Amino acid sequence: MSRIIIFTGKGGVGKTSIAAAHAVKAAKEGFKTLIVSTDMAHNLSDIFEKEIKEEPIEIFNNLHALEIDPNHEMERHYGEIAKAFKNMIPKNNEEDAEIFEDIVVFPGIEELFSLIKIKDLYDENIYDLIIVDCAPTGETLSLLKFPELFSWYIEKLFPVGKVAMKVLRPISKVAFKIEMPNDKALNDIEKLYVRLNELQNLLKNREICSIRLVTILEKMVIEESKRNYMYLNLYNFNVDGLYINRIIPEGIDNSFFNEWKVNQNRYLEELEAVFVNIPTYKIKWYEVDINGIGGLERVVCDSLKDKELFKVLKNTQNEIFEKIDDRYRLEVYIPFANKTDFDLFESGTDIIIKIGNFKRNIPIPNTIRNRSIVSAKLENEKLSIIFE
Ligand SMILES: Nc1ncnc2c1ncn2[C@@H]1O[C@H](COP(=O)(O)OP(=O)(O)O)[C@@H](O)[C@H]1O
Ligand SMILES: [Mg+2]
C-alpha cells in the first residue's frame, strides 16, 4: 500500500526543503517517489534546478516531481459548478446573495482541487510514496477542514447522497428565492460530493496519510505549530512527526549568536515537552541555502537517518466512541486546548465542537442519536462527552 506524507508549517520555515530531502532519501532507498507541490509559490524547480510543470517529470531514477496549478484544477472540476452556484444567487436580496457568494468562493478553495489531483495520482497506483509540499499553515488548515465543510453544505443544499429527502428544507426555511441548478450541474455536484468524501477518507486513513509539521525556534512560529497540531487533531488527521529547523549549530561561538542559542534552547525544551507523543527531528541551520540534490543529501545525512522515516510514526486514535454500562462516551483528543476555549453544541445528527474559529462536526452514531449529553469535560488533553 502506498503512502502519502504531507508537510505543512508557516511560510519560510523550510517545508519545501525538508519535503524535498525526504523525497531524495526515499528515491535513493528504492521507493518509487513523487514529490508534489500545491503551494502557489512553487519552488521545487529552484531546489531541483530543473523546470517542473503540471505533469510529473523525472528528477533522477525513482524520483518524479510535479507542481500543481490549483487554478487549473479548480476550473477543471469546479468551473461548471461554480457557474451553477452563481446562477442560484438571488439577485434581489443582498444578504442572501452574500451567503451564497461565500459558498461559491471560499478562500483557499483552489487548494482543495490540488488535493483532488493528489487523490487521482494516488489512485493511479504508480508511486510507493507521495510527498506533498503544502501551502503555509493557514491555508492547509482551511484546506483540510474544507472537504468536511463543503460536503456539509452540499448535503444541506442539494439532493445528493443519503440526505436526498431533506434537501430543500433548510433553503425553504430561510425562504431563499433561488434558481435550482440544472440536471447537468446537479450531476457534477453529486460527483464532486462523492469525490470529496473519498478524499476525506483517504486523508484521514491513518495507515496511508501522515501529516508532518515543520517549525523553527521562534515564539510566534511555535505558538502557531501548537495551534495547528490541535486543530489537525480536532479534525482527526494523523500528525506523526515534528521537524525543528534552523537550529544554530553547537560550534558557533560569538556573542550575537550566543544570545540566540539561549533562546533556541529554551524553545527547544518547550517544544519537546509539548510534543512528547510524536517523533521530532532536528535540522541545523546551514551556512548556505539548501539547494540542489547535494544540499538535500546533506540534510538527509545529518538529520533524517531514521530507517522508519516513511512509516506511520504514530497511530493513536483521536476519536473513541464507547459504551460504559448504559451510557455512551465520546472521547476526542485535542492537545493544547484550554478549558475556556471550547464550545459544544448538539445539532440532532452531529456533535459540534467549536474552538476559536474552528468548528468540527462529529456525526453521532444512530444508536445514541436520541440521547442527550449529560456532561463534557476536558482533561489531559481529552474531551470526554457522556451521553445519558
Ligand atoms: N536549515 C536551513 N539552513 C539554511 N537554509 C535553510 C534551512 N532551511 C531552509 N533554508 C532556506 O530557507 C529558504 C526557505 O526554505 P523553504 O524550504 O523554501 O521554506 P518554505 O517551503 O517553508 O517556505 C530556502 O532558501 C532554503 O534553502
Ligand atoms: Mg515552500
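By the naming in an unreviewed UniProt entry, the protein goes by arsenite-transporting ATPase and is assigned to Clostridium cavendishii DSM 21758. Quoted straight from UniProt, the Sequence similarities (unreviewed entry) entry for the protein says "Belongs to the arsA ATPase family." Listed under Catalytic activity (unreviewed entry) in UniProt, the entry text for the protein is "arsenite(in) + ATP + H2O = arsenite(out) + ADP + phosphate + H(+)".

Caption draft 1: Broad picture of helix H1 (residues 15-28). Given a rise of 1.5 Å per residue, 14 residues ought to cover 20 Å, and the 20 Å separating the end C-alpha atoms of H1 matches this to within 8%. Residue Gly30 follows H1 closely and has a positive phi angle near 100°.

Caption draft 2: Local environment of the sheet that holds strand E5 (residues 129-133). Across the sheet, which stays open at both edges, the eight strands sit in the order E3-E4-E2-E5-E1-E6-E7-E8 with mixed pairing between neighbours. One side of each edge strand has no neighbouring strand; the edge strands of this open sheet are strand E3 (57-60) and strand E8 (280-284). If you compare each strand with its neighbour and ignore which way they point, the axes differ by 25° on average. Here strand E2 (residues 33-37) pairs with strand E4 (residues 63-67) via five bridges, running parallel. Bridging across to E4, Leu34 finds its partner in His64. Packed on one face of the sheet, helix H9 (residues 219-234) meets strand E6 (209-216) and strand E7 (239-247) and runs near 165° to E6.

Caption draft 3: Main features of the packing of H1 against helix H11 (residues 292-303). The contact between H1 and H11 brings their axes to 9 Å, and the two run at 85°. Our classification of the angle between H1 and H11 gives roughly perpendicular. For the pair H1 and H11, contact is made by Ser17, Ala20, Ala21, Val24 and Lys25 and by Ile293, Leu296, Glu297, Val299 and Val300, respectively. Considering only residue class, the contact of H1 with H11 consists of seven nonpolar, one polar and two charged.

Caption draft 4: Spotlight on the nonpolar core. Residues Ala20, Ala23, Ile35, Ile130 and Val132 are the most contacted members of the largest nonpolar core, which totals 76 residues. The element that contributes the greatest number of residues to this core is H1, accounting for eight residues. Counting residues domain by domain, this core receives three or more from each of domain 1 (3-70 + 109-303) and domain 2 (319-387). Each residue touching Ile130, except ones within four places of it in the same chain, is listed here: Ser2, Ile4, Leu34, Val36, Ile118, Leu121 and Tyr122.

Caption draft 5: Spatial organisation of the pairing of E2. In terms of burial, E2 is a largely internal element, five of the five residues being buried. Here E2 shows two buried faces, one formed by Thr33, Ile35 and Ser37 and the other by Leu34 and Val36. Here E2 runs beside E5; their pairing, made up of five bridges, is parallel. Of the residues in E5, the one forming a bridge with Leu34 is Ile130.

Conventions adopted
Residues numbered from 1 in each chain as written. Chains lettered and ligands numbered in written order. Predicted model: local features only at pLDDT ≥ 70, side-chain atom pairs only at ≥ 80, totals over all residues. UniProt positions renumbered as here; feature names shortened; annotations may be inferred. Helix = DSSP H or I, 4+ residues; strand = E, 2+ residues; numbered from the N terminus. Expected span 1.5 Å × (residues − 1). Pairing = 2+ DSSP bridges. Axes fitted to C-alpha atoms, helices over the stretch in contact; angles between N-to-C directions. Contact = placed C-beta atoms within 7 Å. Parallel < 35°, antiparallel > 145°, perpendicular 65-115°, else oblique. Nonpolar A, V, L, I, M, F, W, Y, C, P; charged D, E, K, R; others polar. Core = buried A, V, L, I, M, F, W, Y, C linked by C-beta atoms within 7 Å. Buried ≥ 20, exposed ≤ 12 C-beta atoms within 10 Å, placed from the backbone. Domains from an automatic or database assignment.

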